[in-house]
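Next come the chains, spelled out residue by residue.
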Amino acid sequence: MEKLQVEKLNREDLRQTLVLAKDVDAMMSGLLTEEDYKALRRTLRDGMRRSRRPYSRNNIPHAIQALNSALVFADMVDPDRNILISILLHPLFHEGQLTIEEIRREWDEDIAGLLEGIANVGKFSNRNSAHNQDNFRGLMLALAHDIRVIIIMIVQNLVLMRSINHHPDEDWVRNVAFEANCLYAQLAHRLGLYKIKGELEDLSLKYTNREIYTQIAHKLNETKRSRDQYISEFIAPVKKRLEEAGLKFEIKGRTKSISSIWNKMKKQKVDLPGIYDLFAIRVIIDTPREREKQDCWLAYSILADMYTANPARMKDWITLPKSNGYESLHATVMGPGQKWVEVQFRTERMDLVAEKGLAAHWRYKGGKGDSSDKWMNNIRDILETAEAGPMQLMKNIKADAFGQEVFAFTPKGDLFRLSAGATVLDFAFHIHTNVGAHCTGAVVNGAHKKINYKIQNGDTVEILTSVGQTPKHEWLSIVTTSKARNKIKQSLNEERQRLADIGKETFMRRAKNRKIDIEEAELMKLIKKQGYKFATEFFADMGEDKIDAGRFLNSYIDFTTKEFETERVSAEEFQIHSQPEEDSKNDVLVIGEKSIDGLSYKFAKCCNPIYGDDVFGFIASDGAVKIHKTTCPNAKNIKERFPYRIIRADWSGKTGQMLPASLRVVGNDDIGIIANITSIISKEPNTALRNISIDSHDGIFQGYLVIGVTDNRQLTSLIKKIKTVKGVKDVSRT
């Protein structure tokens, strides 16, 4: 076996690891029992000593990443025992020093589940997921499986972003920054992790446009003294009046993030001096829960008496909190020197949620009705549209941003929250899928409106429906919410699937009448050659009579037999050449009646035989022998047309050569089912997953897997194991 190259941490990284380990040690000692504390220390210490690959492929130390992630999670989110243990154990699990069974035995099922979730995400995020559509969708679905995995990945991404300043691989840094800004910062925003979101956006700007970042940072630094002085002058009289009113509070001033300032400069088309709200004043009130709203409004009224308020910039997130739990009362007033100043009023409880995110207080595995359930339902609605590609998904995330919302009433007085720009059609789908599917318009505030009317704050909306109405493709350009878009696509896909079923049934009936066996793998190759990405789309066109089933069947016959049609050579002209090739070096086959030595042979791609299959040889025009299964779809045609080129082939009894075998898997399109299948394959000894393609429609997926195995007994065992995965309906060899 090839020896593994053992790496060691360099001196500076080792020093930093030891410093961080002490900080983590102090932090974890208060969260664990003495027994767990000792077990964790022992496991991490032994793991560091045995580690063979302490660095990632981009030269990031795994231990430093894990230790920093644990500290940041505890500080910026919540010191949760199970999550912190999972973060610390992940490098050892990733390197194979700990198995999932050992983790279940030593710790518990919950920590094991978290580690599996992080590992599943890692399979996709390490493959440049931001630019690869399939990997991106896999990453999203894996993230959506457990809300805690989302939070862990956000924190790990922040730690990674902090560590890659001036990294030599600039292309990789840009990819990481792109993913951080477009994915993790948006998810952090949805979770209310505003500090993390702001830092991710700042770092992303720094790595993608360092010149702009440096310019703004430099100008902010130049004006810091005058800005601090202005904040102090503004706060002093406000503080005095609030104290006279008997309020207990704390006042803080903060400069807005660099990325936020840059976005305002672009939006308002002004330079830095033209941005009037570079900073915000925050008034944090210490008051009982029952007096929160009353005291926040009292503080606001005192401020409004002192300075002129701008009603257009008034934001009341106390009466109607944001969907991610954010509560605050925002006011903009004209301060000294005719400068606009933003002031935020909130209580200590509200500030804790705003600083650390609602995630810190959710029951992570909470019951129905919990805020996290609502958030996860919303995020899943968005993720289900991911087949449109990563850029469309990111657009959906931003379009549903919680900072931009409208509120509308039903005729019965029920209040609904939608993203800004939502239409009557969005409102209809928000009420119920069937209402949306049959929507023809609405009566808004007593007036008839079309389905593309944009809902305004305070509208009373009565949806009009008709049983004859069905979703149209043009509806996708009308709706703005991911939920409505997903439901419309689902309905359109159901119609396409119905046509696809008709088309495939027609084709298979033609093939059966002509007694032609259809090989799925070859059929998929031909369909893709026709320019179709998915078989469903191809057969839907056939169902609409855009493709003639009979003509395509003739094309299939030509495609699968073309290698034999082109070899017009008589029996007398054939010679067997002994030219050993790479495929025959292992001598796993005995060719011919008298075991011809050194004969060149190849395994036919049309049937992919593996050790143990019943096989025969077919002598090609170059003298090499192609090995086919006796059950190969082309076997009958070959034997009938070229009987003089058939030669006996038997397995020699020597195993060890890994050969490709194709499997067709059909099952429910559930979150995590692909990860479970690939996990089984990865755990099987002497087995490798070489390729996978998935076609998913209407809740059912059909996958084709190419797996490297050494013999058919191993393949049979693997098929049985895959069939045990929950949601798998059928597994067959193609």
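The preceding data block contains the structure.
Presented here is an overview of the structure given in this document.

## Remarks on the overall build of the chain
(1) Moving on: Within the chain, the secondary structure is distributed over 26 helices and 20 strands.
(2) Moving on: The proportion of buried residues among the 734 residues of the chain is 50%.
(3) Moving on: A sequence separation of at least 24 residues applies to 68% of the contacts in the chain between residues at least 6 apart.

## Considerations on the pattern of salt bridges
(1) Moving on: Under the defined criterion, the tally for this structure stands at 30 salt bridges.
(2) Moving on: In this structure, a network of salt bridges that share partners links the residues Arg496, Glu537, Asp541, Glu544 and Lys546.

## Details of a negative patch on the surface
(1) Moving on: A surface patch of negative charge is lined by Glu35, Glu101, Glu102 and Glu106.
(2) Moving on: The element that contributes the greatest number of residues to the negative patch is helix α5 (residues 100-106), accounting for 3 residues.
(3) Moving on: Relative to the helices and strands, Glu102 resides in helix α5.
(4) Moving on: You can call Glu102 partly exposed: its relative accessible area is 30%.

## Brief notes about helix α15 (residues 348-356)
(1) Moving on: Within the sequence span of α15, burial applies to Met350, Asp351, Val353 and Ala354. Projection of α15 onto a plane perpendicular to its axis shows the buried side chains occupying an angular sector of 160 degrees, all on one side.
(2) Moving on: Of the surrounding elements, those touching the buried residues of α15 are α10 (194-208), β1 (249-255), β2 (279-285), α14 (292-306) and β6 (339-347).

## Concerning the pairing of β2
(1) Moving on: Across the 7 residues of β2, 7 count as buried, placing the element largely inside the fold.
(2) Moving on: Here β2 shows two buried faces, one formed by Phe279, Ile281, Val283 and Ile285 and the other by Ala280, Arg282 and Ile284.
(3) Moving on: One ladder, built from 7 bridges, connects β1 with β2; its direction is antiparallel. Bridging from a neighbouring strand, Phe249 pairs with Ile285 of β2.

## Notes on the sheet that holds strand β9 (residues 439-444)
Hydrogen bonds along the backbone pair up the strands of a sheet, which may run parallel or antiparallel.
(1) Moving on: Read across the sheet, 3 strands follow the order β10-β9-β11 without closing on themselves; strand pairing throughout is antiparallel. Two strands bound the open sheet, and with one partner strand each, they are β10 (447-449) and β11 (461-465). The mean inter-strand angle of the sheet, taken between neighbouring strand axes irrespective of direction, is 30 degrees.
(2) Moving on: Of the strand pairs in this sheet, β9 and β11 are connected by 5 bridges, and their pairing is antiparallel. From the neighbouring strand, Val444 faces β11, where its bridge partner is Val461.
(3) Moving on: Across the sheet, helix α18 (residues 424-431) is in contact with β9 and β11; its angle to β9 comes to roughly 100 degrees.

## What about the packing of aromatic side chains?
In this description, an aromatic ring pair is defined by two values, namely the gap between the centres and the angle between the planes.
(1) Moving on: Under the defined criterion, the tally for this structure stands at 12 aromatic pairs.
(2) Moving on: Between Tyr532 and Phe538 the ring centres are 5.2 Å apart and the planes differ by 85 degrees, which places this aromatic pair in the edge-to-face class.
(3) Moving on: Between Phe603 and Trp651, the ring centres sit 6.1 Å apart and the planes meet at 15 degrees, which makes this aromatic pair stacked. Here the residue Phe603 occupies a position in strand β13 (residues 601-603), and Trp651 occupies one in strand β16 (residues 646-651), the gap between them amounting to 48 residues.
(4) Moving on: Above the plane of the ring of Phe642 lies Arg645, whose end atom (NZ or CZ) is 4.8 Å from the centre.

## Remarks on the side chain of Thr17
(1) Moving on: Tracing the backbone through its elements, the reader meets Thr17 in helix α1 (residues 11-29).
(2) Moving on: Within the structure, Thr17 has its side chain in polar contact with the backbone oxygen of Asp13 (distance 2.7 Å).

## A look at the pairing of strand β8 (residues 415-419)
(1) Moving on: Pairing geometry for strand β7 (residues 405-409) and β8, over 5 bridges, is antiparallel. Opposite Val406, over in β8, you have Leu418 as the bridge partner.
(2) Moving on: As consecutive antiparallel partners, β7 and β8 are separated by 5 residues, and within that stretch Gly413 has a phi angle of approximately 95 degrees, a positive value.

## Focus on the state of the cysteines
(1) Moving on: Scanning all chains against the criterion turns up 0 disulfides.
(2) Moving on: The closest cysteine sulfur to the non-disulfide-bonded Cys607 is located on Cys632, 3.8 Å from its own sulfur.

Rules used in this analysis
Residues numbered from 1 in each chain as written. Predicted model: local features only at pLDDT ≥ 70, side-chain atom pairs only at ≥ 80, totals over all residues. Heavy atoms only, no water. Helix = DSSP H or I, 4+ residues; strand = E, 2+ residues; numbered from the N terminus. Buried < 20%, exposed > 50% of the residue type's maximum accessible area, 1.4 Å probe, protein only. Contact = heavy atoms within 4.5 Å. Salt bridge = Lys/Arg side-chain N within 4 Å of Asp/Glu carboxyl O. Patch = residues over 30% accessible without salt bridge, like charges linked within 9 Å, V, L, I, M, F, W, Y side chains within 5 Å. Areas by Shrake-Rupley, 256 points an atom, 1.4 Å probe, with all protein chains shown as cover. Lys, Arg positive; Asp, Glu negative; His and termini not counted. Charge placed at Lys NZ, Arg CZ, Asp CG, Glu CD. Arc of directions from axis to C-beta. Pairing = 2+ DSSP bridges. Axes fitted to C-alpha atoms, helices over the stretch in contact; angles between N-to-C directions. Phe/Tyr/Trp six-rings, centres within 6.5 Å; stacked < 30°, edge-to-face > 60°. Lys NZ or Arg CZ within 6 Å of the ring centre and 35° of its normal. Polar contact = N/O pair within 3.5 Å; in protein donor to acceptor, adjacent residues only side chain to side chain. Disulfide = S-S within 2.5 Å.

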